[in-house]
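Structural description and commentary
Residues per chain, in single letters:
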Amino acid sequence: MERTFIIIKPDAVQRGLTGEIIKRFEQRGLRIIGMKFLRISRPLAEKHYAVHAERPFFASLVNYITSSPVVVIALEGTNAVAAARKTIGATKPQEAEAGTIRGDLALEIGRNLVHGSDSVENGQIEVANFFTEAELTSWPRNNDPWIFE
Ligand code: IDP
Ligand code: MG
């Protein structure tokens, strides 16, 4: 089953939107297989966002993601990566469709509430960066046959 990695970013936790955001992934049908509340360390943030290391916003991005606690989630489901990205919405909240997390709840790119993996390969890598195998539980959910055909 495909896996994706989600961060409920510091702004979302501070704004009390943790439950609202988890609810949207659950209602989409994605299955939670791991979840933790933590403050991301600077080295882990730099590793997670290494692809952006040369971008002008890198320092502010690392400051933002390490500024306050987050909730990290590993999700499983058919097309989990693409489904989660659609539910999250476009990177720039002003371009995100209404009905998406960013389109409904955010205004600025530097406060866009949530991270989701952008490829199946990165989903695997990012889940492994934040969770040990022992912290992941792939479980049979009672309503799986009503969500996964
Ligand atoms: P994504 O989160 O939609 O995958 P990415 O392009 O991977 O978007 O960028 C990672 C994060 O870096 C964004 O979610 C956003 O928080 C931040 N970011 C991206 N581009 C900019 C920018 O131009 N200014 C400020 N922050 C940015
Ligand atoms: Mg990205």
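Before reading on, note that the structure itself is shown above.
Remember, predicted model here, so these are calculated numbers, not experimental data. (Residues numbered from 1 in each chain as written. Chains lettered and ligands numbered in written order. Predicted model: local features only at pLDDT ≥ 70, side-chain atom pairs only at ≥ 80, totals over all residues. Heavy atoms only, no water.)

A word on the packing of aromatic side chains
Under the defined criterion, the tally for this structure stands at two aromatic pairs. A centroid spacing of 4.5 Å and a plane angle of 25° characterise the contact between Phe5 and Phe130, whose relative ring orientation is stacked. Of this pair, Phe5 sits in strand β1 (residues 3–8) while Phe130 is found in helix α7 (residues 120–130), placing the two residues 125 residues apart along the sequence. Since its relative accessible area comes to 0%, Phe5 is described here as buried. For the pair Phe5 and Phe131, a centre-to-centre distance of 6.4 Å together with 75° between the ring planes defines the contact as edge-to-face. Here Phe5 is found in strand β1, whereas its partner Phe131 is found in the segment after α7, with 126 residues between them in sequence. Both residues of the pair, Phe5 and Phe131, count as buried. Through a chain of ring-to-ring contacts, three or more aromatic side chains come together here, namely Phe5, Phe130 and Phe131. (Phe/Tyr/Trp six-rings, centres within 6.5 Å; stacked < 30°, edge-to-face > 60°. Helix = DSSP H or I, 4+ residues; strand = E, 2+ residues; numbered from the N terminus. Buried < 20%, exposed > 50% of the residue type's maximum accessible area, 1.4 Å probe, protein only.)

Focus: the side chain of Asp11
Relative to the elements of secondary structure, Asp11 occurs in helix α1 (residues 10–14). One buried charged residue, Asp11, forms no salt bridge at all, with the nearest opposite charge on Arg15 at 5.4 Å. Setting aside chain neighbours within four positions, we find Asp11 in contact with Tyr64, Arg111, Asn112 and Leu113. (Lys, Arg positive; Asp, Glu negative; His and termini not counted. Salt bridge = Lys/Arg side-chain N within 4 Å of Asp/Glu carboxyl O. Contact = heavy atoms within 4.5 Å.)

Purely spatial values, then, with no claim about function.
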